[in-house]
Each structure stands twice: as C-alpha cells, then as structure tokens.
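An overview of the molecular structure
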Amino acid sequence: MDASDITELFEPVAHVAIRRMFGGHGIYDSGCIVAIESDGIIWMKADAMTLPAFEQHGLKPFTYSKNGKTFSMSYRALPDSAYDDPDELRMWFRLAEEAARRAAQAKAKGKRSR
C-alpha cells in the first residue's frame, strides 16, 4: 500500500498527511498520528479508553520483532470490512483520533511539568 492508496482510503473520512516510517507509513490528522500502515495493513491508534472497542471485535495489536524479542505498540488492526465501508472507517478513525489527541495532550502536559 503506498501513500496515494492510504490517502484515497481515508478521503471520505478526513484529510490525512502521510509520512514514510519504519518501512511503512505514519498517518496523521492535524499533526497527531492516528494510524500506521505496515505491510499493507492499517493499524489504528488505541489507548485504555478505546481498547475495549478494538478487543470486542477481536482486532489484533501491532507487533514487531527486534533482536529476537517481540514488542507491541498501541495500535490495533483496522477491520477488513472498514476498508470498503466509509461509515465503519469513520467510526474507527474517530476512536483512533480520540486516542491520538489524548496521547498528544499527555505528552504536552509532561513537557510542561518538567
């Protein structure tokens, strides 16, 4: 999946910015990373508040291996059905956007308190 494919996928939902990262792409909305693409799969940002929705649908976490160890990140797979259904994509995008904004706020708050 290339940047134009990703832009086209999200076009009905939001104007996203795409940046290359780690052999895939970072997907940004208003400066916050809301999703990543790796090996053709879109992974949506999740946090403690949105994770139950992802888990309820059995959506697996994004993992990667480094030096023989497996690591998990706070992203969950976008359901296959959302690739073809803009309304469903919009719902998952909103959850990811909320998680991304909370993460950005927490990061900014941490910087201010130092």
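Going by the structure above, here's the rest.
First, a word on scope: everything that follows refers to the structure included in this document. (Residues numbered from 1 in each chain as written. Predicted model: local features only at pLDDT ≥ 70, side-chain atom pairs only at ≥ 80, totals over all residues. Heavy atoms only, no water.)

1. Considering the side chain of S38
Test applied: For the purposes of this entry, the term helix denotes a DSSP run of H or I that reaches at least four residues, the term strand denotes a run of E that reaches at least two, and both are numbered from the N terminus. When checking whether two residues touch, look at their non-hydrogen atoms; a contact exists if any pair is within 4.5 Å.
Following the sequence through the fold, S38 ends up in strand β3 (residues 32-38). Residues contacting S38, with those up to four places away along its chain left out, are W43 and F62.

2. Comments concerning unusual backbone geometry
Positive phi is not limited to glycine here, since F22 has a value of about 50 degrees. Residue position: F22 is located in the loop between β1 (17-21) and β2 (24-29). Despite not being glycine, D39 shows a phi value in the positive range, around 55 degrees. With respect to the helices and strands, D39 occurs in the loop between β3 and β4 (41-45).

3. Re the packing of aromatic side chains
In plain terms, the rule: Note on aromatic pairs: the rings of Phe, Tyr and Trp (six-membered ring only in Trp) are paired at centre separations within 6.5 Å, and the planes decide the class, stacked below 30 degrees, edge-to-face beyond 60, tilted for the rest. Each residue's exposure class comes from its accessible area (1.4 Å probe, protein chains only) as a fraction of the maximum for that residue type: buried when under 20%, exposed when over 50%, partly exposed otherwise. Counted as over-ring charges are cases with an Arg CZ or a Lys NZ within 6 Å of the ring centre that also lie within 35 degrees of the ring normal.
Taken as a whole and assessed by the stated rule, the structure comprises five aromatic pairs. Centre to centre, the rings of F10 and F93 are 5.8 Å apart; their planes meet at 55 degrees, and the pair counts as tilted. Of this pair, F10 sits in helix α1 (residues 3-10) while F93 is found in helix α3 (residues 86-112), placing the two residues 83 residues apart along the sequence. Both residues of the pair, F10 and F93, count as buried. Summarising the aromatic geometry, the rings of F62 and Y64 are spaced 6.4 Å apart at their centres and angled 35 degrees between planes, so their arrangement reads as tilted. An aromatic cluster is defined as three or more aromatic residues linked by ring pairs; in this entry it consists of W43, F62, Y64 and F71. Over the aromatic face of Y28 sits the side chain of R19, whose NZ or CZ is 4.1 Å from the ring centroid.

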